[in-house]
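Structural overview
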Amino acid sequence: MFDQQEKVTFIGGGNMARSIIGGLIKRGYPAHLITVTAPTDRTRQRMADDFGVNTAEDNAKGAKEADVVVLAVKPQLLDIVCERLVADMGGHGDKLYLSIAAGVTVDTLQAYLSGAPRIVRTMPNTPSLLGLGMTGLYAPTGTKQDDKLFSQSLMAAVGKVVWVEEEAGINHVIAAAGSAPAYFFLFMEAIQTEAENMGFDTETARLLVQQTAQGAAQMVTESDLPISTLRSQVTSKGGTTAEALRTFEEGELSTLVAKAMRAAVARAEEMAKQF
Ligand SMILES: NC(=O)c1ccc[n+]([C@@H]2O[C@H](COP(=O)([O-])OP(=O)(O)OC[C@H]3O[C@@H](n4cnc5c(N)ncnc54)[C@H](O)[C@@H]3O)[C@@H](O)[C@H]2O)c1
């Protein structure tokens, strides 16, 4: 599965790092090649207990021996974390730096990392934990093929991958995939709430929504038909679904979704200017 087995250090052990590491371990990436750094004992302990990976409190200590460093802290902390990392390691060490941060460009990362030449941006999502992630990747012109291949194989181990040609494409991946699990969760929460209002207990309401969402997603995955055809197969003329869909149309759901996706892109662009 993994042609190259590099030593990988994750700087930060939060939600997204956890999803990727969990997915990697599940797919057989050797735990002894993975290190996670985090400032809190609790995070480090959970990572060690749950996945058997190495941990370090000190970022530079954790990254020094690594071939690949995954930058997995919040975007607003990246400057301080990277600058300190490079200072403590005595340079960028010519490592491959893989950023998962939203809204921080390669140019900015390079400035934070004292001119590090090997940087790849990725935009994953949390279903990576289950091996069902969707990741976008961007490598600036001049990136070595080996670095592209390793970045791709790491993220492909936890789901599907797409490359974007232009860096701006990463923001579009954020809108369509990185942030998108939250859109589906919101929709599912709304269905569950209304099912409870209709009298189902919480457990049953959740079962109704989770099984239906999983079934619908699986149908989209396994069918060659356009999604709109799958929708129309549910929609009997003059029936119940047509009434529900008409209500969504009256509320301009599609326009609202487009607006939400544009807002995610706009925020990523704003962050790129801010950092
Ligand atoms: N959560 C997502 O769905 C998602 C998806 C795609 C990309 N991302 C990106 O992933 C990055 C992390 O997001 P998250 O949701 O996992 O956040 P998070 O808050 O869950 O995790 C951040 C982690 O960084 C650690 N940390 C804080 N200061 C640190 C330091 N000085 N050194 C080392 N570690 C430190 C924290 O302990 C925390 O565990 C962000 O840049 C975000 O844009 C997140």
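Residues numbered from 1 in each chain as written. Predicted model: local features only at pLDDT ≥ 70, side-chain atom pairs only at ≥ 80, totals over all residues. Heavy atoms only, no water.

1. Regarding unusual backbone geometry
Just so we agree on the cut-off: Helix and strand labels come from DSSP, where a helix needs a run of H or I of at least four residues and a strand needs a run of E of at least two; each type is numbered from the N terminus. The buried label applies to any residue whose accessible area, calculated with a 1.4 Å probe on protein chains only, is under 20% of its type's maximum; exposed applies above 50%, and partly exposed to all values in between.
A positive phi angle, close to 50°, is found at Asp-94, a residue other than glycine. Tracing the sequence through the fold places Asp-94 in the loop between helix H4 (78–89) and strand E5 (96–99). For Asp-94, a relative accessible area of 41% puts it in the partly exposed group. Even without glycine at this site, Glu-252 takes up a positive phi of about 55°.

2. A few points about the pairing of strand E2 (residues 34–37)
Rules: Note on pairing: two strands pair once DSSP finds at least 2 bridges between them. Here is how to tell: hold the view so the strands point away, follow the path from the first strand over the helix to the second, and if it runs clockwise the crossover is right-handed.
Neither face of E2 is open: one carries Ile-34 and Val-36, the other Thr-35 and Thr-37, and all of them are buried. Pairing geometry for strand E1 (residues 8–11) and E2, over four bridges, is parallel. When the bridges of E2 are listed, Thr-9 appears paired with Thr-35. For the handedness criterion, the β-α-β arrangement of E1, helix H1 (residues 15–26) and E2 is classed as right-handed. Here E2 runs beside strand E3 (residues 54–56); their pairing, made up of three bridges, is parallel. Bridging from a neighbouring strand, Thr-35 pairs with Asn-54 of E3. With respect to chirality, the unit in which E2 leads through helix H2 (residues 41–51) into the neighbouring parallel E3 is right-handed.

3. Things to note about the UniProt feature "domain: Pyrroline-5-carboxylate reductase dimerisation" (unreviewed entry) in the protein
What counts is decided by this rule: UniProt positions are given in the numbering used here, feature names are shortened, and annotations may be inferred rather than shown by experiment.
In this numbering, the UniProt entry assigns the feature "domain: Pyrroline-5-carboxylate reductase dimerisation" (unreviewed entry) to residues 167–271. A helix fraction of 84% and a strand fraction of 0% characterise residues 167–271, whose end C-alpha atoms lie 14 Å from each other.

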